[in-house]
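The lines below spell out each chain.
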Amino acid sequence: RYAGAAAAAVLMFAGGYFSATRSEKPVERITLVTAKGHMGEFTLPDGSRVWLNEESRLAYDADFSGKAREVTLSGEAFFEVRSDKKNPFIVYTEDMEVKATGTAFNVEGYSNDTINAVTMVNGVVEVELDRSKERLNLKPGQRINYNTKRQNYRVEEVDTYKWCAWKDGKLIFRDEPLDDVFRKIGQVYNADIVVMDKDLAKHMYRATFQGETLDEILRLMKLTVPMKYIEKTSEKAMPNGVY
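Quick look at the structure, then. (Residues numbered from 1 in each chain as written. Predicted model: local features only at pLDDT ≥ 70, side-chain atom pairs only at ≥ 80, totals over all residues. Heavy atoms only, no water.)

### Description of the environment of Asn-147
The condition is simple: Each helix is a run of H or I in the DSSP string that is no shorter than four residues. Each strand is a run of E no shorter than two, and both are numbered from the N terminus. Three labels apply to residues, based on accessible area from a 1.4 Å probe with only protein chains included: buried if under 20% of the type maximum, exposed if over 50%, partly exposed otherwise in between. Any pair of residues with heavy atoms lying within 4.5 Å of one another is described as a contacting pair. Here a polar contact is recorded for every N or O atom pair within 3.5 Å, except that within protein the pair must consist of a potential hydrogen donor and a potential acceptor, and residues adjacent in sequence are included only if both atoms are side-chain atoms.
The topology assignment puts Asn-147 in strand E13 (residues 142–147). Using a relative accessible area of 13% as the deciding quantity, one classes Asn-147 as buried. Here Asn-147 is in contact with Thr-114, Ile-115 and Asn-152, once residues within four sequence places are set aside. In terms of polar contacts, Asn-147 uses its side chain to reach the backbone amide nitrogen of Lys-149, at 3.0 Å. Polar side-chain contacts of Asn-147 include one of 2.9 Å to the backbone nitrogen of Arg-150.

Here it is in structure tokens:
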């Protein structure tokens with residue numbers, strides 16, 4: 001899934017924009033982009049480290065100058081933030097603002113997903129839900145799920161590694177409905193998988209995958225799940241589905 005070096009998987013480009021005062025110099029803007037099926041690991045100008053999951057975009061000012069270190073994220077990223085209490089590290093997604101000084105956490109903020117989430121590994125972060133303007137402090141082992149469509153959220157105690165294992169090339173499922181399992185597998189392997197049976201979609205599943213192909217995963221799942229699957233081979237064929 002994560003074949004090749006990060007440079008081969010990620011496009012980096014810089015641009016500039018001008019402020020309202022014409023006499024000021026343009027601010028250099030850096031944008032990191034990952035393609036489908038690839039991730040990248042980077043060191044930011046302040047020494048913080050970030051892992052970008054597939055189809056993710058991270059933008060920031062090159063010098064991180066000013067009172068805050070600010071990045072804009074569309075997609076998923078794991079951050080290891082270098083401690084600097086005077087200059088907080090702020091992650092903006094379309095629907096959340098995550099503020100930290102020195103900590104490790106995972107942020108899910110795909111624009112086409114109704115769920116935005118933050119998983120806290122160590123330290124403390126402050127999360128603001130943009131639409132409600134509510135601010136919450138997360139502690140290690142906690143995860144917030146924010147439903148952007150319903151505008152509600154829940155905070156729960158979780159196994160944090162389950163939600164961060166993607167950066168190590170792993171897929172970990174712990175008592176999750178197959179509908180969610182196949183959605184994540186489809187995202188990782190660039191496949192549209194639809195669970196046609198509603199009862200099967202609710203079936204709870206546990207497994208850990210690392211390095212398997214999509215065909216291998218489906219074959220392994222058939223050993224423990226009462227299912228069959230059909231692969232679409234042409235436009236006229238049945239859509240990809242699990243039955």
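### Digging into the packing of aromatic side chains
Note the cut-off: Aromatic rings from Phe, Tyr and Trp, taking only the six-membered ring of Trp, are treated as a pair when their centres fall within 6.5 Å; an angle between ring planes under 30 degrees marks them as stacked, one over 60 as edge-to-face, and anything in between as tilted.
Applying the stated criterion across every chain yields a total of four aromatic pairs. Ring geometry for Phe-173 versus Phe-209: centroids 6.4 Å apart, planes at 65°, classification edge-to-face. Here Phe-173 is found in strand E15 (residues 170–177), whereas its partner Phe-209 is found in strand E17 (residues 204–210), with 36 residues between them in sequence. Accessibility expressed as a relative area gives 5% for Phe-209, which makes it buried.

### As for helix H3 (residues 178–189)
Note the cut-off: The span one expects for a helix is its residue count, reduced by one, times 1.5 Å. Starting at the helix axis, one direction is taken to each C-beta atom, and the arc is that of these directions.
Taking 1.5 Å of rise per residue, 12 residues should cover 16 Å, and H3 covers 16 Å from first to last C-alpha, within 8% of that figure. Among the residues of H3, Leu-178, Val-181, Phe-182, Ile-185, Gly-186 and Val-188 are the ones counted as buried. Projected down its long axis, H3 carries its buried residues within an arc of 165°, all on one side. After H3 finishes, the residue Asn-190 shows a positive phi value of roughly 55°.

Interpretation in functional terms is not warranted from these geometric data alone.
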